[in-house]
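Tertiary structure, described
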Amino acid sequence: GENVEQHPSTLSVQEGDSAVIKCTYSDSASNYFPWYKQELGKRPQLIIDIRSNVGEKKDQRIAVTLNKTAKHFSLHITETQPEDSAVYFCAPDSNYKLTFGKGTLLTVNP
Amino acid sequence: NAGVMQNPRHLVRRRGQEARLRCSPMKGHSHVYWYRQLPEEGLKFMVYLQKENIIDESGMPKERFSAEFPKEGPSILRIQQVVRGDSAAYFCASSPDLGKAETQYFGPGTRLLVL
């Protein structure tokens, strides 16, 4: 099965700084690479995703980059705001299943 | 994804009791996935069902856990003789498409607490 590792496990930044979270995976057949944001007590929310035929995707302050050769993809958040504070999960697919990383707790300090 | 409904939202059971968790997929979706999230961990795949069929149950514990998705009505995740280690958030996701991870929409989850 898919092995997924996420780094760092916690990240604290000042408001306005950038945050980068990296995810490595093992299944070379993975084709779909999403990032989810989960606030306390809530469901995971898809914030951005990328498919294997694309190297980078951007949506306002959020971007995802993919290196399929090295089997890793990263989440980039620029101009962070306090409301970005949450746990972020990568979840590459393995067939139809999503395999979630252990999460990164992002804290944005005002 | 607000269309995926789960109930109850919170469930408290004593050790040895049964827990039944329900998931109503979005309209038009005939595929349901169940995931479990232990405290401070990511979600882990449990089972993938199509109407009246279990497609993949490789993530289900071998004993006490079962799932169904009948022709009519919600999908049910059933846990018999619950133990404290079953305390977790259980999320279901529904999809209109066979075998596509990217079209899964998550429900709000059921938080199970076993006393």
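Please refer to the structure placed before this passage.
The sections below set out a description of the structure shown in this document.

What counts and how
- Residues numbered from 1 in each chain as written.
- Chains lettered and ligands numbered in written order.
- Predicted model: local features only at pLDDT ≥ 70, side-chain atom pairs only at ≥ 80, totals over all residues.
- Heavy atoms only, no water.
- Helix = DSSP H or I, 4+ residues; strand = E, 2+ residues; numbered from the N terminus.
- Salt bridge = Lys/Arg side-chain N within 4 Å of Asp/Glu carboxyl O.
- Buried < 20%, exposed > 50% of the residue type's maximum accessible area, 1.4 Å probe, protein only.

**Looking at unusual backbone geometry**
Residues and elements named next belong to chain A. Following His7, the chain continues into Pro8 via a peptide bond in cis, with omega recorded as -5°. Structurally, the position occupied by Pro8 is in the loop between strand S1 (4-7) and strand S2 (10-14). In this model, Glu79 sits at a positive phi of 45°, which is unusual for a non-glycine residue. Within the secondary structure layout, Glu79 lies in the loop between strand S8 (72-77) and strand S9 (86-90).

**Observations concerning the pattern of salt bridges**
In total, this model carries nine salt bridges over all chains according to the counting rule given. Here B:Asp56 ties to A:Lys97 by a salt bridge, and the two come within 3.2 Å at their closest N and O atoms. On the criterion of chain membership, the pair formed by B:Asp56 in strand S6 (residues 53-56) and A:Lys97 in strand S11 (residues 97-98) is interchain, its members lying in two chains. Given a relative accessible area of 10%, B:Asp56 falls into the buried group. Among the salt bridges present, the one from B:Glu41 reaches B:Lys44, with a minimum N-O distance of 3.7 Å. On the basis of relative accessibility, which here comes to 26%, the residue B:Glu41 falls in the partly exposed class. Given the relative accessible area of 45%, B:Lys44 is considered partly exposed. Because the salt bridges share partners, they merge into one network encompassing A:Asp49, A:Arg51 and A:Lys57.

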